[in-house]
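Remarks on the overall topology
Now for the letters of each chain:
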Amino acid sequence: MFSAELFTQSLIAGIVIGIIYALMALGITFIYSIVKMINWAMGEFYMLGSFVQYFLVVGLLGPDLWWVAALLSAAAVFLVGWLIEPVLIKPMFTGGIERRDDYATVVTIALLLLMRNLATALNGPYQRSPGTNLGTVMLGPLPESGARLAAALCALAAMVLFWVLLKKTWLGLALRASSQSRVGVQIAGVDILRLDQVAFGIGVGLAGVAGALLAPVFLVFPTNGVVTTTKGFEIIVIGGLGSIPGAVVAGILLGVAESLGAAFISSPYQNAYGFVLLLAVLLIKPSGLFGERMRHA
Amino acid sequence: MSALSARRLWLPILLALACAAAILVLSRFLGEYGVHVLNTSLYYVILAASWNVLAGFTGRFSLAHQAFAAIGAYTSGLLATRYDLPLWVTIPAAVLAAILLGFLLGRLVLRMRAVYLAIATWAFAETIHILLTAAYAITRGELGLSVPPVFSDMDPRSYLYLFTGLAVVSVLGLHAFVRSPLGYFMRAIRDDELRAQSLGVDTVAIKTLVFTVTSGVAGLAGAFYGHYVVVLSPQIADFSEMAKIIVMVVVGGFGSFVGPLIGAPPVQILSSYLAKYGEWDMVIFAVVVIGFMRFNPGGLVDLVRAGWRRVRPTRS
């Protein structure tokens, strides 16, 4: 049963949620471009962000100041990432260029295990909600949850900020350069290992923002990052590993695909449509929508 | 046949049989729960050893090993319950299903950079988990699917013979696989794929073969495990199972054939007896894994070797 109204509503809902997925994917692909590793614990930083948001909103600021809480959560997650990187990730590099990929994979999976189980041990399996005072917003004739819309707008703002940082600042220049050549950046006198530290912090900070913004929508519990992270991974394959526009476009595409799939095909399988999209892209254009042609290393 | 190659052929078989005998003797001193823990340890030995062949020897990470075990368990379980087929039909069918899915997934992603396999298998495993939960009309979702047991008496001791035999056969098979000429190609791919390619190795074919074979082994272990635990739930496809396999391999010795064999049982035994304290066992294992990766990446095998080297000179 096709109705134009349901279609438009699903489309908008898909774009709204897709923007937040894109934020997650952006964090993954950004860390990959600079530090040359996949951070498998991304969902746990998302979880951390949502817990900080919960405790700030419930214990300190109240639901009206959710945006202050989201900023603080992002800063807190950035700081945690910035502090963890030199201890756990840096030993992957010997001399800044030679790297051990298996080390990074295993260590970030261990970090995932550590954070997830620590959260379960401390919090229990309870699902918490920070609550929200944002009511339903009418987009023309169509209702949309205020919390979701606010989350999407803030995610857009975070992306713009991220883009300004990359394109307009010295740090951004150095980061873009190191994504092209780790050797070249070092020859130019930049301390690549400090750059890695900042990049890792920013990347997990983006996951933290996503977690904080989605806290009232998807609730707060120790494994709440799994679904969003899986979508993040699907998005970077669909969009092309290492491509920032790819992450944004593919994020919205995935959000729309699963929203329409849930409305018109079957809703229990909502979280499986992303994988179907991933398979389709791998069959047709393996390097992803915006991916460069395959290069080794 | 020279003496050396005869030794190479018989030594692993003798060692495996000796270990099997030791396990069976040990089980005489254990209660029913102890034997159950041994059975599950042997299941994880198979999973850890096969995952290590892919990750440790070929340098390609699959994060869906637990999903292939789940595919094996559910395929065999569903065929047996819905179509009343005997287990000697359903278990080979389950292995075939795991092999087929492994081959298709491998064909899609193994042409690309190494990280693609890890990402795609992560998404694949999550999707299998979602499907098992969502298709409750078929799989009964979180309620659990009751499947027939292998032995009617349900005594863990009879299963101990089964799992010991299964572990011996799988481990010897994997050992032959790694020691065959293909094993050299696998290590060449791990160390420098581009160089292996330029020397004429069909790296994509080798990687696909290894991924398919190891996924099939996981499916085999999962199929038997399903008919042992008798109630299947989507939990066996959860990422925590994958993480446990990685913990076992790293603790034992990543990239060493013996590593997972000596890493899996202590991890499984500890986590079985620490289960009553909640999630803390996994917190501890995570810290141990980070410690090993950071300061002793060779795992227990390396520690034992280092200890042996310190002891030996005083003896001779």
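Residues numbered from 1 in each chain as written. Chains lettered and ligands numbered in written order. Predicted model: local features only at pLDDT ≥ 70, side-chain atom pairs only at ≥ 80, totals over all residues.

Now for the overall build of chain A. What chain A contains, in helices and strands, is 11 helices and four strands. The C-alpha atoms of chain A give a radius of gyration of 19 Å, which matches the 19 Å a tight globule of 297 residues would have. C-alpha extents for chain A along the principal axes are approximately 60 × 50 × 35 Å. Looking at the 297 residues of chain A, the share that counts as buried comes to 54%. (Helix = DSSP H or I, 4+ residues; strand = E, 2+ residues; numbered from the N terminus. Rg over C-alpha atoms; globule rule 2.2 N^0.38 Å. Buried ≥ 20, exposed ≤ 12 C-beta atoms within 10 Å, placed from the backbone.)

Take the overall build of chain B next. Secondary structure assignment for chain B yields 14 helices and two strands. Whereas a compact globule of 316 residues would reach a radius of gyration of roughly 20 Å, chain B reaches 20 Å, a difference of no more than 12%. Along the longest, intermediate and shortest principal axes, the C-alpha atoms of chain B span 60 × 50 × 45 Å. Partitioning the intrachain contacts of chain B with sequence separation of at least 6 by distance along the chain shows that 78% fall at a separation of at least 24. (Contact = placed C-beta atoms within 7 Å.)

Glancing now at the nonpolar core. In a soluble, globular protein the nonpolar side chains are often hidden away together inside. Ranked by size, the top nonpolar core spans 205 residues in total, and within it Ile20, Leu23, Ala155 and Ala210 of chain A together with Val289 of chain B carry the most contacts. Sort the elements by how many residues they give to this core and helix H1 (residues 4-35) of chain A lands first, with 18 residues. (Core = buried A, V, L, I, M, F, W, Y, C linked by C-beta atoms within 7 Å.)

If you check helix H2 (residues 42-61) of chain A, its first and last C-alpha atoms are 26 Å apart, about what 20 residues at 1.5 Å a residue would give, namely 28 Å. In terms of burial, H2 of chain A is a largely internal element, 15 of the 20 residues being buried. (Expected span 1.5 Å × (residues − 1).)

For the rest of this paragraph, the subject is the environment of His65 of chain B. Structurally, His65 of chain B can be placed in helix H3 (residues 65-83). Between the alpha carbons of His65 of chain B and Asp302 of chain B there is a distance of 25 Å; along the sequence they are 237 residues apart.

Time to look at the interface of chain A and chain B. Contacts between the two partners involve 32 residues from chain A, matched on the other side by 37 residues from chain B. Element by element, the count of residues in the side of chain A that touches chain B is highest for helix H4 (residues 101-123) of chain A, at 14 residues. Split by residue class, the side of chain A that touches chain B holds 23 nonpolar, six polar and three charged. (Nonpolar A, V, L, I, M, F, W, Y, C, P; charged D, E, K, R; others polar.)

The subject of this paragraph is the packing of H3 of chain B against helix H5 (residues 114-134) of chain B. Residues and elements named next belong to chain B. With their axes 9 Å apart at the nearest point, H3 and H5 run at an angle of 35° to one another. Classified by chirality, the crossing of H5 by H3 is left-handed. For the pair H3 and H5, the contacting residues are Gln66, Ala67, Ala70, Ile71 and Tyr74 in the first and Phe124, Ala125, Ile128 and Leu132 in the second. Residues belonging to the contact of H3 with H5 are distributed by class as follows: eight nonpolar, one polar and no charged. (Axes fitted to C-alpha atoms, helices over the stretch in contact; angles between N-to-C directions. Left-handed = near helix turned anticlockwise from the far one by under 90°.)

So, on to unusual backbone geometry. The residue Lys36 of chain A is not glycine, and still its phi comes out positive at about 65°. Within the secondary structure layout, Lys36 of chain A lies in the loop between H1 and H2. The phi dihedral of Asp84 of chain B is positive, around 55°, even though this residue is not glycine. With respect to the secondary-structure elements, Asp84 of chain B resides in the loop between H3 and helix H4 (87-109). Residue classification places Asp84 of chain B among the exposed positions, given that 9 C-beta atoms sit within 10 Å.

Attention shifts here to helix H10 (residues 203-229) of chain B. Residue and element names in this part refer to chain B. The end-to-end C-alpha separation of H10 is 38 Å, in line with the 39 Å expected for 27 residues at 1.5 Å each. Across the 27 residues of H10, 22 count as buried, placing the element largely inside the fold. A positive backbone phi angle near 70° is found at Val230, which sits one or two residues after H10.

Let us now look at the environment of Pro91 of chain A. Summarising the element assignment, Pro91 of chain A is placed in the loop between helix H3 (66-88) and strand E1 (93-94). The exposure class assigned to Pro91 of chain A is partly exposed, which follows from the 15 C-beta atoms found within 10 Å. Aside from chain neighbours lying at most four places away, what touches Pro91 of chain A is Tyr103 of chain A together with Arg294 of chain B.

Turning our attention to the confidence of the model for chain B. Residue and element names in this part refer to chain B. Of all residues in chain B, 97% have pLDDT values of 70 or greater, and the mean over the chain is 87. Predicted confidence in chain B is weakest over helix H1 (residues 3-27), with a mean pLDDT of 79, and strongest over H10, with 93. Scoring of the predicted complex yields 0.90 for pTM and 0.88 for ipTM. (pLDDT = per-residue confidence, 0-100.)

Right, let's talk about the environment of Leu241 of chain A for a bit. Residue and element names in this part refer to chain A. Inspection of the secondary structure puts Leu241 in the loop between helix H9 (225-239) and helix H10 (244-264). Taking C-alpha positions, Leu241 is 29 Å from Leu219, a pair spaced 22 residues apart along the chain. With residues up to four places along the chain from it excluded, the contact list for Leu241 reads Thr29, Tyr32, Ile236, Gly288 and Gly291.

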